[in-house]
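So the chains spell out like this:
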Protein chains: 2
Amino acid sequence: MTYCCGILVRDGLVMIADTRTNAGLDNVSTFRKLHVFEEPGRHVLALSTAGNLSISQAVISTLQEGLDNPETGQKETLSTCSSMFRATQLVGRAVRHVYELYGDALKDADVRFDVSFLFGGQVNGGRMRLFMIYSAGNFIECTSDTPFLQIGEHKYGKPVLDRSIGFDMDLYDALKSGLISMDSTMRSNLGVGMPIDILVARRDAGHSELNYRIEPGEPYFHDLRERWSAALRAAHTAIPRPPYGRQR
Amino acid sequence: MTYCCGILVRDGLVMIADTRTNAGLDNVSTFRKLHVFEEPGRHVLALSTAGNLSISQAVISTLQEGLDNPETGQKETLSTCSSMFRATQLVGRAVRHVYELYGDALKDADVRFDVSFLFGGQVNGGRMRLFMIYSAGNFIECTSDTPFLQIGEHKYGKPVLDRSIGFDMDLYDALKSGLISMDSTMRSNLGVGMPIDILVARRDAGHSELNYRIEPGEPYFHDLRERWSAALRAAHTAIPRPPYGRQR
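Since we're looking at a predicted model, the values are computed, not measured. (Residues numbered from 1 in each chain as written. Chains lettered and ligands numbered in written order. Predicted model: local features only at pLDDT ≥ 70, side-chain atom pairs only at ≥ 80, totals over all residues. Heavy atoms only, no water.)

Enquirer: Hey, could you run me through the sheet that holds strand E13 (residues 196-202) of chain A in this one?
Expert: Backbone-to-backbone hydrogen bonds join strands into a sheet, with any given pair of strands oriented parallel or antiparallel. All names here are of chain A. Here five strands make up an open sheet; going across it, the order is E12-E1-E2-E13-E14 and the pairing antiparallel. With partners counted over all chains shown, the strands left at the sheet margins are strand E12 (148-152) and strand E14 (210-214), one partner each. This sheet shows a mean twist of 10° between the axes of neighbouring strands, independent of strand direction. Bridging between strand E2 (residues 12-17) and E13 involves six bridges; their strand directions are antiparallel. Within E13, the residue paired with glycine 12 across the bridge is arginine 202. (Pairing = 2+ DSSP bridges. Helix = DSSP H or I, 4+ residues; strand = E, 2+ residues; numbered from the N terminus. Axes fitted to C-alpha atoms, helices over the stretch in contact; angles between N-to-C directions.)

Enquirer: Hey, could you run me through the sheet that holds strand E5 (residues 34-39) of chain A in this one?
Expert: Residue and element names in this part refer to chain A. What the five strands build is an open sheet, ordered E5-E6-E9-E10-E11; its pairing is antiparallel. Two strands close off the open sheet at either side, each with one partner strand: E5 and strand E11 (139-141). Between one strand axis and the next, the sheet turns by 20° as a mean value, whatever way the strands run. Here three bridges tie strand E10 (residues 129-133) to E11, and the two strands are oriented antiparallel to one another. Residue pairing in the sheet places isoleucine 133 in a bridge with phenylalanine 139 of E11. Strands in contact with helix H1 (residues 53-65) are E5, strand E6 (43-51) and strand E9 (115-123); relative to E6, the strand with the most contacts, it is inclined by about 155°. Here helix H2 (residues 84-108) sits on the sheet in contact with E6, E9, E10 and E11, set at roughly 155° to E9. (Contact = heavy atoms within 4.5 Å.)

Enquirer: Any chance you could explain empty space enclosed by the protein here in plain terms?
Expert: Rolling a probe over the atoms, with the probe sized like a water molecule, indicates the empty space that remains. Evaluated as defined, the whole model comprises two cavities of 30 Å³ or more. Considering only enclosed or pocket space, the largest cavity measures out at about 140 Å³ in volume. Sorting the residues of the lining of the largest cavity by element identifies helix H3 (158-164) and helix H5 (219-238) of chain A together with helix H3 (158-164) and helix H5 (219-238) of chain B as the ones contributing at least two each. Of the residues that constitute the lining of the largest cavity, the class distribution is ten nonpolar, two polar and two charged. Roughly 50 Å³ of volume is contained in the second largest cavity. Contributions of two or more residues to the lining of the second largest cavity are made by H5 of chain A together with H3 of chain B. Counting residues per element, the lining of the second largest cavity draws most heavily on H3 of chain B, which supplies four residues. For the lining of the second largest cavity, the residue count by class is four nonpolar, two polar and two charged. (1 Å grid on protein atoms, 1.4 Å probe; cavity = no way out; pocket = protein on both sides within 12 Å on 5 of 7 lines; lining within 4 Å. Points joined across faces, edges and corners; volume = space filled by probe spheres on them. Nonpolar A, V, L, I, M, F, W, Y, C, P; charged D, E, K, R; others polar.)

Enquirer: Is there a simple way to explain the interface of chain A and chain B in this structure?
Expert: Note: interface size is frequently given as the accessible area lost on complex formation between the parts. Contacts between chain A and chain B engage 54 residues on the former and 54 residues on the latter. For the pair chain A and chain B, the summed buried surface comes to about 4,700 Å²; carbon and sulfur atoms form 61% of the total. Considering only the side of chain A, the residues that lose the most area to chain B are Arg163, His236 and Tyr244 of chain A, jointly responsible for 19% of the buried surface there. Viewed at the interface, chain B and chain A are joined by 22 residue pairs in polar contact (both at pLDDT 80 or more). Ranked by the residues each element gives to the side of chain A that touches chain B, the list is headed by H5 of chain A, at 13 residues. Among the residues forming the side of chain A that touches chain B, the class breakdown is 24 nonpolar, twelve polar and 18 charged. (Buried area = accessible area lost by both parts, 1.4 Å probe. Polar contact = N/O pair within 3.5 Å; in protein donor to acceptor, adjacent residues only side chain to side chain.)

It is worth stressing that arrangement in space is one thing and function is another; only the former is reported here.
Next comes the structure, spelled out in structure tokens:
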């Protein structure tokens, strides 16, 4: 299982991903799911992955090796794409390329071609954007009405984001919301686990501001989990008991 | 969609169910999903349902009409069952009876035999118990380690229960937790909606203490939703910003 969220606020982009993979509960490992592609001054791109690990890794490798552009005959990579839209289309084409290579064999083995991505960043000083890319290579874009996207085990952590995220919030408040959302998910699903990779990219900075791994026991995140739990307990206690019925 | 939860604490049982059903987003209705069977002094039983409405309603009607017991030749109903275990087995048999009647036809129509139940209560002064019954008629029992069970859209509301429910808590605090969990679910899934049916049965009372429908706009529940939102916002604000990165 996996949980990744991406948050795009006025000030910039936050990407958060766990690192747990499992093939059954008895085969649990740690793999990076948040991949950062950065050429300072040209582009900052973050791609987080959910779904079948062999597929998502093949997509990442395909992007690194480059894809032939049938029109120009040139190799295209994230470094040759002139905009976020083109870069997102390239990720989509890489997904379809991997599907062409392995789709039939996976079907024969009764394995679903299950993969999804969050892809955010800024290219050549263009608009900072955040997309969710599906297994067919198609994608949707995050907008200011709902300035976050999630992939993987998204339900446990969604109520926290629904209530706290707004386009005008501070970038590090957005990171805080994302970490609380990750905490809620990890508590309810063993398939989502530490360490957690985070990326923060400020709009128009031309480089990432934070590219960090939160390891188990890291003091701030530990404190956040404790404080959030205590605050929920206090909030629960502060609400009056239901007035219905014949209470003792 | 549906969300129902059952909570079994030392003092008794709480059952909560929404009432929204939908066949697609364009066909939304209100149906009772929490069914109470009560003979004061003999039994208090609450059955909440999730899944295909035609199946769950057929199970309820089958229970009301009674099932032939092949061993005794007698009609068995919830009123003839001598214990919670027997009553739960009867619900399971009713599910299989409905499967025998409609299972093949549903399969032909490509409709999954999708149904599940929470079934809690007390019979003849025996142990108060809470079960989750699956579409095969098999069931699991709630224990004091994790004193709640959920059916339907269970993920959005689970973090709240994971953090707040304990076997020793007050019965109406358990109801409050369940209502907060219902609120979180309703905010994130349009397929779960008001009104909300609730049942509270105190252990060994021999009758239900509360059997109530919370209608939209009901002041206590409205206040609970507002207070919970405000408390989450305050909790979020009170947690320090992440110390990582070069913040402005």
